[in-house]
Amino acid sequence: MSQLNTRSRRWDCFKRELPTDRTIYVDNKPSPSESPEVAIHQHHHYPNNRVVSSKGGVLKGKGLYKHIDHHYPNNRVVSSKYTAWNFIPKNLFEQFRRIANFYFLCVGIIQLIIDSPVSPATSIAPLVFVVTVTAIKQGYEDWLRHKADNEVNNRKAFIVHNGQLTQVKAQNIKVGDIVKVKVNQGFPCDLVMLSSYDPEGKCYVTTANLDGETNLKTHFCVPETREFQKESDFTNLCATIECEQPIPDLYKFIGRITVYNNSDSCLKSLGPENVLLRGARLKNTPYIYGCAIYTGPDTKMALNSKAKINKFSRVERGMNSYLIIFLVILLIEATVSTVLAYWYMSQDRIGNPWYIPDAKQSLTVRHVISDFLSFMILYNYIIPISLYVTVEVQKFVGSLYLQWDLEMYDEETDTAAKANTSDLNEELGQVEYLFTDKTGTLTENDMQFRQCSINAVKFVEVGGHLHEMSPEGGQSIPVIHLTPEIEEFLELLALCHTVRVDHHEANQTGASTLYSHTGMEYEYQSSSPDEKAFVEACRRYGVVFHGMRDNHLEVTFHGEMRRYKLLHVLEFDATRKRMSVIIQTEKDETVLLCKGAETAVLKIGTSGEIDKTNLHIHDYAVLGLRTLALGKRVFTQKEYEAVDKMLTEARNAMDSREEKLNEAFEAIERDLHILGATAVEDRLQDGVPETISMLRKAGIKVWVLTGDKEETAVNISYSAGHIHDGMEELRLTKLTCTDYTRCGEEISKNIHRCISRSPSSQHFVLIVDGFSLAFALGEHTEIFRKLCQMCEAVLCCRMSPLQKAEVVKLMKVADHTPVTAAIGDGANDVSMIQEAHVGLGIMGKEGRQAVRNSDYAFAKFRFLQRLLLVHGHYFYYRLATLVQYFFYKNVAFITMQLFFAFYSGFSQQSLLVSFHLMFYNITMTSLPIFIYSLFEQHISQRDLIDKPHLYKNITRNSKLDKKNFLKWNVLGLWHVFVFFFGVVFLFGNDVSLWPDGKMMGLWSFGTIAYTVNVIAVNLKLCLETYYWPLPMFMAYVITGVGNVSMTLLYSMLIWPSFMQTLQDFYKVYTTSLSSGTVWLCIVVLAVIALIPDLIIRVTRDTANQATESTTRRKMFNRKLLWYLFLPFSFCKRKLPADKLSVSFTRRSGTLTLSQVELAEDF
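These numbers were taken from a predicted model, which means no experiment stands behind them.

S.K.: So what exactly am I meant to see when it comes to the overall build of the chain here?
M.R.: A tally of helices and strands in the chain yields 35 helices and 41 strands. Looking at the chain as a whole, 52% of its 1162 residues are labelled buried. Here the chain displays about 54100 Å² of accessible surface, and carbon together with sulfur accounts for 58% of that area.

S.K.: I keep staring at unusual backbone geometry and nothing clicks. Help me out?
M.R.: A negative phi holds for most residues other than glycine; trans holds for most peptide bonds. In this model, N957 sits at a positive phi of 55°, which is unusual for a non-glycine residue. Along the polypeptide, N957 turns up in the loop between α29 (941-946) and α30 (962-986). For K1067, which is not glycine, the phi torsion reads 60° and is therefore positive. Summarising the element assignment, K1067 is placed in the loop between α32 (1030-1052) and α33 (1068-1072). The exposure class of K1067 is partly exposed, given its relative accessible area of 35%.

S.K.: I keep staring at the nonpolar core and nothing clicks. Help me out?
M.R.: Grouped together as the largest cluster of nonpolar side chains are 149 residues, with contacts concentrated most on L434, L840, F858, L864 and V883. Excluding its chain neighbours within four sequence positions, the residues that come into contact with V883 are V315, M319, L387 and L960. Counting residues in each nonpolar core, the second largest holds 46 residues, with I178, L237, L276 and L282 among its members.

S.K.: Sorry if this is basic, but what is going on with helix α17 (residues 657-668) here?
M.R.: Every α-helix carries 3.6 residues per turn, so stepping three or four residues along brings you back to the same face. Between its terminal C-alpha atoms α17 stretches 16 Å, which fits the 16 Å expected from 12 residues at 1.5 Å a residue. Those residues of α17 not exposed but buried are R657, L661, A664, F665 and I668. All buried residues of α17 project into a common sector of 100° when viewed along the axis, lining one side.

S.K.: What am I meant to see in the side chain of H722 here?
M.R.: For H722, the position within the fold is in the loop between α19 (710-720) and β34 (728-732). Apart from the residues within four sequence positions on either side, H722 is in contact with I692, R696, V702, W703, V704, S717, M727, A793, V794 and L795.

S.K.: Hey, could you run me through the side chain of E746 in this one?
M.R.: Mapped onto the secondary structure, E746 falls in helix α20 (residues 740-756). Residues in contact with E746, not counting those within four places in the same chain, are R731, L732, T736 and C737.

S.K.: Explain the packing of aromatic side chains to me, please; I cannot follow it from the model alone.
M.R.: How two aromatic rings sit relative to each other is given by the distance of their centres and the angle of their planes. All chains considered together, the criterion is met by 42 aromatic pairs. Three or more aromatic residues joined by ring pairs make a cluster, and in this case those are F899, Y903, W974, F977, F980, F981, F987 and F1005. Across from the ring centre of Y287, 4.8 Å away, lies the NZ or CZ of K180, which sits over that ring. When the ring centre of W968 is taken as reference, the NZ or CZ atom of K1020 above it lies at 4.5 Å.

S.K.: Quick question: what am I supposed to make of the sheet that holds strand β11 (residues 238-244) here?
M.R.: Strand-to-strand pairing in sheets goes through backbone hydrogen bonds, with the strands running parallel or antiparallel. Here 4 strands make up an open sheet; going across it, the order is β1-β11-β12-β13 and the pairing antiparallel. On the outer flanks of this sheet lie β1 (21-25) and β13 (264-270), each paired with one strand and no other. The mean angle between the axes of side-by-side strands here comes to 15°, regardless of whether they run parallel or antiparallel. Bridge analysis of β11 against strand β12 (residues 255-261) gives 6 bridges, and the strand direction is antiparallel. Each bridged residue has a counterpart across the sheet, and for I241 the counterpart in β12 is I257. Of the strands in this sheet, β12 and β13 are in contact with helix α16 (residues 637-652), which crosses β13 at around 80°.

S.K.: Mind showing me how you'd approach the confidence of the model for the chain here?
M.R.: Interpretation of this model should avoid reading the predicted coordinates in detail wherever pLDDT is low. On average, residues of the chain score 82 in pLDDT, and 85% of them reach the 70 mark or higher. Averaged over each element, pLDDT in the chain is lowest for strand β41 (residues 1150-1158) (30) and highest for strand β18 (residues 431-436) (96). A low-confidence stretch, residues 43-70 stays under pLDDT 50, and its non-local contacts, those more than four residues away or across chains, total 71 contacts.

S.K.: Just checking my understanding: could you explain the state of the cysteines for this structure?
M.R.: Working definition: the covalent bond between the sulfur atoms of two cysteines is a disulfide. Counted under the stated rule, the structure contains 0 disulfides. No disulfide involves C221; its sulfur sits 8.6 Å from the nearest other cysteine sulfur, which is in C203. No disulfide involves C788; its nearest neighbouring cysteine sulfur is the one of C791, lying 6.5 Å away. Looking at C788, the relative accessible area reads 0%, which means it is buried.

S.K.: Please clarify how the packing of helix α18 (residues 688-697) against helix α26 (residues 863-903) should be interpreted in this entry.
M.R.: Working note: a packed helix pair is described by the angle between its axes plus the distance between those axes. The N-to-C vectors of α18 and α26 enclose an angle of 20°; their axes lie 9 Å apart at closest approach. Our classification of the angle between α18 and α26 gives roughly parallel. Seen from above, α18 lies across α26 with left-handed handedness. Across the interface between the two elements, T691, M694 and L695 from α18 touch L864, Q865, L868 and L869 from α26. Grouping the constituent residues of the contact of α18 with α26 by class yields 5 nonpolar, 2 polar and no charged.

S.K.: Sorry, what's going on with the environment of W1003 here?
M.R.: Along the chain, W1003 turns up in helix α31 (residues 1002-1024). Note: C-alpha distance between W1003 and L912 (91 residues apart in sequence) is 6.8 Å. In contact with W1003, not counting residues within four places along its chain, are Q909, S910, L911, L912, V913, D1064, F1065 and V1068.

S.K.: In this structure, what is going on with the packing of helix α8 (residues 314-345) against helix α10 (residues 365-379)? I would like to understand it.
M.R.: In contact at an axis separation of 8 Å, α8 and α10 are set at 130° when each is read in the N-to-C sense. Between α8 and α10, the angle falls in the class oblique. Two packed elements cross with a definite hand, and for α8 against α10 that hand is right-handed. Note on element contacts: α10 touches α8 through H367, V368, D371, F372, F375, M376 and Y379, opposite L330, L331, E333, A334, T335, S337, T338, A341 and Y342.

S.K.: Please clarify how a nonpolar patch on the surface should be interpreted in this entry.
M.R.: Together, W974, F977, L1080, V1083, V1084, V1087, I1088, I1091 and I1095 make up a nonpolar patch on the protein surface, roughly 790 Å² of accessible area in all. Per element, the largest residue contribution to the nonpolar patch is 7 residues, and it comes from helix α34 (residues 1076-1124). Here W974 lies in helix α30.

S.K.: Which parts of the structure should I look at to understand the sheet that holds strand β7 (residues 178-182)?
M.R.: If you trace the 6 strands from one edge of the open sheet to the other, you get β6-β5-β7-β16-β8-β14, paired in antiparallel fashion. This sheet does not close on itself; its edge strands, each paired only once, are β6 (164-169) and β14 (275-276). Pairing between strand β5 (residues 156-161) and β6: 6 bridges, direction antiparallel. Bridge pairing in β6 links H161 to Q164.

S.K.: Can you walk me through the pairing of β12 in this structure?
M.R.: For a regular strand, side-chain orientation follows a simple rule: the groups alternate between the two sheet faces. Bridge analysis of β12 against β13 gives 7 bridges, and the strand direction is antiparallel. Counterpart to R256 in the pairing with β13 is S269. The antiparallel pairing of β12 with β13 creates a hairpin that spans 2 residues between the two strands, and N262 there sits at a positive phi of about 60°.

S.K.: How should the environment of I1054 be read in this particular structure?
M.R.: Along the chain, I1054 falls in the loop between α32 and α33. Residue I1054 is classed as exposed on the basis of its relative accessible area of 62%. Counting along the chain gives 11 residues from I1054 to F1065, while the straight-line C-alpha distance between them is 9.3 Å.

S.K.: Can you help me understand the pattern of salt bridges in this one?
M.R.: Here the idea is simple: oppositely charged side chains can pair when their charged atoms come close. This model, assessed by the stated rule, comprises 49 salt bridges. As a salt-bridge pair, K860 and E412 come within 3.9 Å of each other at their nearest N and O atoms. Here K860 is found in the loop between β39 (856-858) and α26, whereas its partner E412 is found in the loop between α11 (387-404) and β17 (418-419), with 448 residues between them in sequence. K860 sits in the buried class, given a relative accessible area of 9%. One salt bridge in this structure joins E554 and R549, with 3.0 Å as the shortest N-O distance. Three or more residues are tied together by salt bridges with common partners; here these are E412, E444, R683, D686 and K860.

S.K.: Please clarify how the pairing of β1 should be interpreted in this entry.
M.R.: Here β1 lies mainly inside the structure; 5 of its 5 residues are buried. Both faces of β1 are covered, namely the face carrying D21, T23 and Y25 and the face carrying R22 and I24.

The rules behind these values
Residues numbered from 1 in each chain as written. Predicted model: local features only at pLDDT ≥ 70, side-chain atom pairs only at ≥ 80, totals over all residues. Heavy atoms only, no water. Helix = DSSP H or I, 4+ residues; strand = E, 2+ residues; numbered from the N terminus. Buried < 20%, exposed > 50% of the residue type's maximum accessible area, 1.4 Å probe, protein only. Areas by Shrake-Rupley, 256 points an atom, 1.4 Å probe, with all protein chains shown as cover. Core = buried A, V, L, I, M, F, W, Y, C linked by side-chain atoms within 4.5 Å. Contact = heavy atoms within 4.5 Å. Expected span 1.5 Å × (residues − 1). Arc of directions from axis to C-beta. Phe/Tyr/Trp six-rings, centres within 6.5 Å; stacked < 30°, edge-to-face > 60°. Lys NZ or Arg CZ within 6 Å of the ring centre and 35° of its normal. Pairing = 2+ DSSP bridges. Axes fitted to C-alpha atoms, helices over the stretch in contact; angles between N-to-C directions. pLDDT = per-residue confidence, 0-100. Disulfide = S-S within 2.5 Å. Parallel < 35°, antiparallel > 145°, perpendicular 65-115°, else oblique. Left-handed = near helix turned anticlockwise from the far one by under 90°. Nonpolar A, V, L, I, M, F, W, Y, C, P; charged D, E, K, R; others polar. Patch = residues over 30% accessible without salt bridge, like charges linked within 9 Å, V, L, I, M, F, W, Y side chains within 5 Å. Salt bridge = Lys/Arg side-chain N within 4 Å of Asp/Glu carboxyl O.

Below is the structure:
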């Protein structure tokens, strides 16, 4: 009974959920109301308001539990996969999960058990080679990880204990320890900041190792602990930290700290700005002190190091399917051969040889199974064992090409393209739908303040100065003095933000001790480009933001200093689409300042010029400018007390803090007085229109998914070439889709509109907003997908991050299963990047979340053209050829064993010696195809860029479809037919090939057929090769010399009996090749076998040349037709003279259009 209870308790441990919170005692000191034993062993558990006693129990109030729930991990970093004792079993287990490796393992074991027709080494040796190469590669990679781990774990760290600084190894830091970190050092674990050198309790860190952002970020401690600036001061600190269990989100932290002072205590909330993460580095601050809260695998950096969900390419799925087909073929061949073997033995013969067994005596289950397995062993080389390891290495080396490609290197940001995975290289050549973000992806995300609306009056920036626009469209009037309305507007821009001020002369604490009267020495840093543009614009107009000192924001208005006490910050989030600050002015007035999307701000406005401001926002959006609305609210003392209490309670909550904060924000942000709106410009990146045009010609449909308002998104889409003149716009917006029924009607109407014009060349673009999308994806998914497929372009605006992922999934699961790619640069793009088959990240100005979650990353959108049209094309074509070639050469090789079975009476006699079987895939035919898969360029890079339509030729897995795969293997059957029966013809009638009448035997037959096979199979690859760099030549030289040398070595030596029992291949190779007839046979058979391949190559090249000639002729005729109808074109649309250059010559009465150059937008 006791054993049963013990088992039950053990299972209960697994069933019990992990507590949601943990309590940490700073410096292992208990609170005044608790026993010292409570905190000493805190690093032994994950408490939920529980603490471990020195007796090993868990104290909860006055109760005592007899078990310890969990253990805090130590701070040791373990990124390695293996250890010295588990490397061999774990690595072997992982490798034999592959179907090919497991199959050959089974075959090798069977060969050792039964009377195998060939040596077990023929299966075991290639398997050992493949497994060993893979194990060495993975072992070396893991050794490098061990080396890096040891370097990190043994770094020096300093902790404060009993008022003294103690040096320890980083791996020995425990939860609750007070850690001191000096300037330019990395944080050894996740810390809650307690104090710093800066009297304001601030420090500056860079998180480039975490999210790639290079700009400095400001972190600070709570005011109650910033006075502890020396080691000895911490003897007087008594505090506890309550926080959530570790989560991967780098930008989220929920916690609170209780600081005890004698009998009093002070409770303060903790957020991401109070936490210093492992992987970040301290900058511009001499030192900080922090309390360790997450260590080792619990740190956010470690949690983000976990592998992402694996994605599989079409080629890989096709490769696995064909492998299964070949396994089925192998089973069929073995079954048929077994049946025929017993049929042959059952035939009556005159003078039946003694060595042919009696079928009736042999027909037992044991004998049948043994014979079946023997035939499987004889034919098993139809499965290419080295395919997987070759593909793996080829993909890895291929992914390095992106990093080495200088044409994808951005000098401005000093960043090269990189591949976060090599598993999807070939999928880059299969993309049919591209989903792209707008801001920061198509545009520069470098905002410039252009216009604004203040109290229903439009203003524009001219030459760095603010001008009032004339209502009649006349000359603008410069603003000399700031009116109260303008000053109030600029005051909001200068205060409502999270901008940090840097001074170029500051070397320790940023700009906190250095003032600049004009502000020109300041460098503003912000995670929001819009906020940076606002503060810089205010500086140009004489309103300078100097930063925050002593919890006061300091701003000068034309030299007059004003200080505003910062009371609360209501952070921006994608749901509210706005952010606010609550400040106290020098006149003791408490004010809420709010800015955000006009849909989020104007709807909560109750006074001000709301309608006119909304009209101006629409005008700005038509110009392609990004807009924000601004408003304020003045609190009475009583109102602010209620607001402060509401926010404090929400921030200090440990459960559902985000929900409570959102409720508080919604209650506070209301009844705004609208001040006006801003308009900033975000210009397109270089090469965006050209890139989108090229992708469209390549057959890739481009969808733009953005959170911007409709007018802005449409304008940018026209500028980017995503929407072009002549497209008919179809709209599903808030104005037309008010509910599910209305949305379905609009979709059906648009589908009918497309169908009615289908015979014409009319192109459609669908414009849909987030509001209507919710209805379309809810109950009308199928017809909405149908409508999208009818449109050449789709523009989705006012979208949430989740809706972006839903739109990607909409096409991802379509009936024709297209390959999708998603590209973005910000955290709001991560969901769609992860949802798409191929995720692409832009190394932009919105952090590195998109880059970290992407499969491939680069600096500029224009690089996408080269990534897909060149690298993607090459990756796919090379790998598709490699896979088909591997199956082809094994068909051309092992099928001769099947043919020979008909001549040997299905006696399971092998035609080939073990040496040939063992090294065919390892050395005889492996190097040329591997080099081919790295260097082949069947079309030049320039042609791939200039002729994007070539990309269409490889999509839908067209080079690895059933037709092509069947063609390759039919050619393999033809080749083996020629090899085998050509040699049979040579040996016919027992003709001697030497003058002295010497005859050839079985191994001579097999050697000649094998030699023809190796030569022809390698020549077959030559006919598939269009690009011949030096490595390609050397691969054939090495293969040829190596094959001859290895075969001579094997055939000219008498091997020890433990390696080879029978020396029946001794000098067979040299004797066979000493006959001139044999050499002639090898040449003739190789040529005959490759005649169909030669015809296919010539036909293919001729057809390609004819297609190119036709394309050039059509382009010429199109230009000529355009020239002839040029006058009519001018009637429809005026073209500036500087955008047209036409010259022609008249020769023999023939008009020749020699040059027509048009602007890109014509």
